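Examining the three-dimensional arrangement
Each chain, written out:
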Amino acid sequence: MSTTDDAFTEQRHGALTALSDLFWRRPKLLVLLLLAPPLLWLGVIYVGALLALLLQSFYAIDEFTGLVDYDVLTLKTYRELFNPANLDIIIRTVLMATTVTLASAIIAFPIAYMAARYARGKWKAMFYLAVMLPLWSSYLVKIYAWKLILAKEGILNWLFAQLHLTGLLEAYLGLPVVGGGSLSISYTGTFLVFVYVWMPFMILPTQAALERVPVNLTDASSDLGATPWQTFRHVTFPLALPGIIAGSIFTFSLTLGDYIIPQIIGSSRLFIGQAVYAHQGTAGNIPLAAAFSVVPIVIMGLYLWMAQRKGAFDAL
Amino acid sequence: MHSDTPRAPWGLKLAAGAGLVFMIAPLLLIFVYAFTTEERTYQWPPPGLTLNWFAVTWGRADVWEALTLSVQVATVSTIIALILGTLCAAAVSGSRFFGREVISLLVILPIALPGIITGLALRSAFGMTDIPFSFWTIVVGHATFCVVTVYNNAVARFRRTSGSLIEASMDLGADQFQTFRHVILPNIGTALLAGGMLAFALSFDEVIVTTFTAGQQQTLPIWMLEELVRPRQRPVTNVVALIVVLVTTIPILLAFYLTRDGDQIAGSGK
């Protein structure tokens, strides 16, 4: 240090310089010091809390007192998790997450493709903002907007009436499972809001993957005589697939854990998130709530494992 | 438009256009409803337009209290996230060590796991350790999942900040602190600002974790949630929704322009 020309920065002496030299000689020490606060915060507070939650699921409610029995570790709560009513909730949630993910992928793809392949300059920025604004807008406001849209006196019913298609809408609502009294209390309503709210999470990774498809590959494909559809089917789509899978991680996971959307727009039948909320709140059954919250973790663990094998993590 | 860009097929244009309308139209609807004269229902089209509800909302003490709490929580959480996220990013990009992947996973975990799990985990941890609900219990939850936005932005910028710049600074006699102050910080500054603003927006909007860590306190999203579950003052809710859209939109536009300029300064392009 002392041999360098001090024309550029003032030469400093004392504790700070000594400390700086120490970090230079022992870079691991610097890394350790840098990492200590975030590791303490995330490792101790957050992971600690997660482990505490996991532990809770191995306790059970005492049937006589109605209080949690903290003396014995048991699998009783997990047995309860698999009784028909609770299993129903889990299956319903997984089915919803699957359909939401598929629909998001289908709607997101043209947007991502357009943004990645054709949009330039001003249009590119427009596409970016059209994805980012809904992504970062308030989650509750987005749900609120859909409450306005799906309300009986709202814009969607008005549109159907203007187009003289009210009969069609009513016929649809008369269908089993997807139908209901009105759109805002049907699975279809819940589905629409889920798709809307998580859509940007599907568009962004898909677009990123599409942007990484080298143009000379598609050029080569068409030079070799492939039709645009064949090029898409055999070159572009397989290369974009990891991006779609990366997006599906978000849409699937977010749908699995959400409890507010089905509570506000949907039938009164519970989803996993609602079950967790109900059991920890009014019912006071924290062990069952904890066991319920382990379900999405396990499902997501499996999902991530499969996604990793498809190379989706490189597309994140 | 560049001439070398091929023209998009009509079907694709149509599908992408319909998709964009699907994305943006619901947000625009919020703007219209804030001015409706209808009080009791969500009637469309609005029977009349008025500015009256803005005045009514302005005079509402509960809205102001919720807003103040939300801003305070978001500010403190953002500061904590900025510190922790920058430290993490600096450590991860400054060196290669075996735990890098674990650190990344640890930072992403709070946002990757469903909010209800983070919320329930924190609540049961507070319960087990007899910590009463307070301002700080909300902040702990928010800061935890805000770290990732700062971290992601900072890591991306660190990656683009050329190592030779730092080496040049050291060769010219700057110590590590001077290098940080005069070379690294100006380079990552806009990325931190962008990450910080996204963290603020994330915290300002958060509701799921907050329902578990707030106790009886009302942040603005919790106020909103109550209105969604049991609508009582629809016109006030319409106005609050509009304000929330504006408050979250502005930082996003700013963050967009800041990071875009940063890309150009770094000269790496795309």
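Residues numbered from 1 in each chain as written. Chains lettered and ligands numbered in written order. Predicted model: local features only at pLDDT ≥ 70, side-chain atom pairs only at ≥ 80, totals over all residues. Heavy atoms only, no water.

**A short note on the overall build of chain A**
Note the following rule: Segments assigned H or I by DSSP are reported as helices when at least four residues long, segments assigned E as strands when at least two residues long, and all are numbered from the N terminus. In this description the radius of gyration comes from C-alpha coordinates, and the expected globular size is given by 2.2 Å times residues to the power 0.38. Buried means the residue's accessible area, taken with a 1.4 Å probe over protein chains only, is under 20% of the maximum for its type, while exposed means over 50%, and partly exposed covers the values in between.
Within chain A one finds 14 helices and two strands. Taking 20 Å as the expected radius of gyration for a compact globule of 316 residues, we find that chain A reaches 26 Å, considerably beyond that expectation. Considering only C-alpha atoms, chain A reaches an extent of 85 × 70 × 40 Å along its principal axes. The buried share among the 316 residues of chain A stands at 49%.

**Notes on the interface of chain B and chain A**
Put simply, an interface is often sized by how much accessible area is lost when its parts join up. For clarity, the threshold we go by: Between two residues, a contact is recorded if the distance between any of their heavy atoms is within 4.5 Å. Buried surface area refers to the total accessible area, computed with a probe of radius 1.4 Å, that the two partners give up upon joining, counted for both partners together. The salt bridge criterion pairs a side-chain nitrogen of Lys or Arg with a carboxyl oxygen of Asp or Glu, the two atoms within 4 Å. The definition of a polar contact used here is a pair of N or O atoms within 3.5 Å, where within protein one atom must be able to donate a hydrogen and the other to accept one, and adjacent residues in sequence count solely through side-chain atom pairs. Note that Gly is not counted as nonpolar here; it falls among the polar residues with everything else outside the nonpolar set of Ala, Val, Leu, Ile, Met, Phe, Trp, Tyr, Cys and Pro and the charged set of Asp, Glu, Lys and Arg.
Taken residue by residue, the interface counts 91 residues in chain B and 89 residues in chain A. Interface area, chain B with chain A, both sides summed: about 8,200 Å², of which 80% is carbon and sulfur. One can count zero salt bridges joining chain B with chain A. At the junction of chain B with chain A, the criterion picks out 10 residue pairs in polar contact (both at pLDDT 80 or more). In terms of residues, the side of chain B that touches chain A owes the most to one element, helix α1 (residues 10-33) of chain B, which gives 14 residues. For the side of chain B that touches chain A, the per-class residue count stands at 65 nonpolar, 18 polar and eight charged.

**Observations concerning unusual backbone geometry**
Excluding glycine, a negative phi dihedral is what most residues carry, and trans is how most peptide bonds are arranged. One non-glycine residue with positive phi stands out, namely A:His164, at about 55°. As for its position among the elements, A:His164 is in the loop between α7 (155-162) and α8 (166-173). Here the phi dihedral of B:Asp130 falls at roughly 55°; this positive angle occurs in a residue that is not glycine. Among the structural elements, B:Asp130 can be located in the loop between α5 (115-128) and α6 (135-160).

**Topic: the packing of aromatic side chains**
Residue and element names in this part refer to chain A. Just so we agree on the cut-off: Classification of ring pairs uses Phe, Tyr and Trp, with its six-membered ring standing for Trp, and accepts pairs whose centres are within 6.5 Å; under 30 degrees between planes counts as stacked, over 60 as edge-to-face, and the remaining range as tilted.
Going through the model one piece at a time under the given rule, you end up with 24 aromatic pairs over all chains. The interplanar angle of 20° and the centroid separation of 6.1 Å between the aromatic rings of tyrosine 139 and tryptophan 198 together place this pair among those described as stacked. With tyrosine 139 in helix α6 (residues 139-150) and tryptophan 198 in helix α9 (residues 187-211), this pair connects stretches of sequence that are 59 residues apart. The buried category is assigned to tryptophan 198, whose relative accessible area is 6%.

**Overview of the nonpolar core**
What counts, and what does not: Here, nonpolar core refers to any group of buried Ala, Val, Leu, Ile, Met, Phe, Trp, Tyr and Cys residues whose side-chain atoms link them within 4.5 Å. Delimitation of the domains relies on an automatic or database domain assignment.
Judged by nonpolar contacts, the single largest core of 168 residues is most densely connected at A:Tyr139, A:Leu140, A:Ile143, A:Ile260, A:Phe292 and B:Ile30. Tallying contributions element by element places helix α4 (residues 84-118) of chain A first for this core, with 16 residues. Here this core spans two domains, since at least three of its residues come from each of domain 1 (15-47) and domain 2 (79-315) of chain A. Apart from residues lying up to four places away in sequence, A:Phe292 is in contact with A:Leu81, A:Asn86, A:Ile89, A:Ile90, A:Ile272, A:Ala275, A:Val276 and A:His279.

**Regarding a nonpolar patch on the surface**
All names here are of chain B. Selection criterion: A patch consists of residues exposed above 30% relative accessible area that lack any salt bridge, with like charges linked at up to 9 Å and nonpolar side chains (Val, Leu, Ile, Met, Phe, Trp, Tyr) linked at up to 5 Å. Using the Shrake-Rupley algorithm and a 1.4 Å probe, accessible areas are obtained, with residue cover drawn only from the displayed protein chains.
There is a patch of nonpolar side chains on the surface, built from Leu28, Phe31, Val32, Leu246, Ile250 and Leu254 and spanning about 500 Å² of accessible area. Listed by contribution, the elements that provide at least two residues to the nonpolar patch are α1 and α11 (234-266). Along the chain, leucine 28 falls in helix α1.

**Notes on the environment of A:Asp258**
With respect to the helices, strands and loops of the structure, A:Asp258 is situated in the loop between α11 (228-257) and α12 (261-264). For A:Asp258, a relative accessible area of 2% translates into the label buried. Measuring from C-alpha to C-alpha, the distance between A:Asp258 and A:Ile272 comes to 7.9 Å, with 14 residues separating the pair along the chain. For A:Asp258, the contacting residues outside a window of four places in its chain are A:Tyr139, A:Phe194, A:Trp198, A:Gly273 and B:Ile208. A polar contact of 2.4 Å, which involves the side chain of A:Asp258, links it to the side chain of A:Tyr139. Of note is the side chain of A:Asp258, whose polar atom sits 3.0 Å from the backbone nitrogen of A:Ile260.

**Structural notes on the environment of A:Leu42**
Inspection of the secondary structure assignment puts A:Leu42 in helix α2 (residues 27-56). With near-sequence residues (within four places) excluded, A:Leu42 lies in contact with A:Val47, B:Leu106, B:Val107, B:Pro110 and B:Thr144.

**Here's the deal with the domain arrangement of chain A**
Under the domain assignment used here, chain A contains domain 1 (15-47) and domain 2 (79-315). Its C-alpha centre places domain 1 of chain A at a distance of 41 Å from the equivalent point of domain 2 of chain A.

**Quick notes on the pattern of salt bridges**
Scanning the entire structure with this criterion turns up three salt bridges over all chains. Measuring nitrogen to oxygen at the nearest pair gives 2.7 Å for the salt bridge that ties A:Glu211 to A:Lys124. Taken as a pair, A:Glu211 in helix α9 and A:Lys124 in helix α5 (residues 121-136) lie far apart in primary sequence, 87 residues in all. For A:Glu211, a relative accessible area of 29% corresponds to the partly exposed category. Note that B:Arg60 and B:Asp62 form a salt bridge whose closest N and O atoms lie 3.0 Å from each other.

**Notes on the packing of α2(A) against helix α4 (residues 100-112) of chain B**
Packed helix pairs are specified by the crossing angle of their axes together with the interaxial distance, meaning the distance between the axes. Rules: Here an axis means a line fitted to C-alpha atoms, over the contact stretch when the element is a helix, while the angle between two N-to-C directions is reported on a 0 to 180 degree scale. Should an angle lie under 35 degrees it is considered roughly parallel, over 145 roughly antiparallel, and from 65 to 115 roughly perpendicular; all remaining angles are considered oblique. Handedness of each helix crossing follows the sense of rotation of the near helix against the far helix: counterclockwise by less than a right angle gives left-handed, clockwise gives right-handed.
Two numbers describe how α2(A) lies on α4(B): the axes approach to 10 Å, and their chain directions differ by 55°. Considering the angle they form, α2(A) stands oblique to α4(B). Considering only the axes of α2(A) and α4(B), their crossing is left-handed. On α4(B), the residues touching A:Leu35, A:Leu39, A:Leu42, A:Gly43, A:Tyr46, A:Val47 and A:Leu50 of α2(A) are B:Ile103, B:Leu106, B:Val107, B:Leu109 and B:Pro110. Looking at the contact of α2(A) with α4(B) residue by residue, the classes come out as 11 nonpolar, one polar and no charged.

**Considering the packing of helix α7 (residues 163-171) of chain B against helix α8 (residues 176-205) of chain B**
Residue and element names in this part refer to chain B. Relative to each other, α7 and α8 sit at 145°, their axes nearing to 10 Å. For the pair α7 and α8, the crossing hand works out as right-handed. Across the interface between the two elements, Leu165, Ile166, Ser169 and Met170 from α7 touch Gln176, Thr179, Val183, Ile184 and Asn187 from α8. Each residue belonging to the contact of α7 with α8 can be placed in one class, and the counts come to five nonpolar, four polar and no charged.

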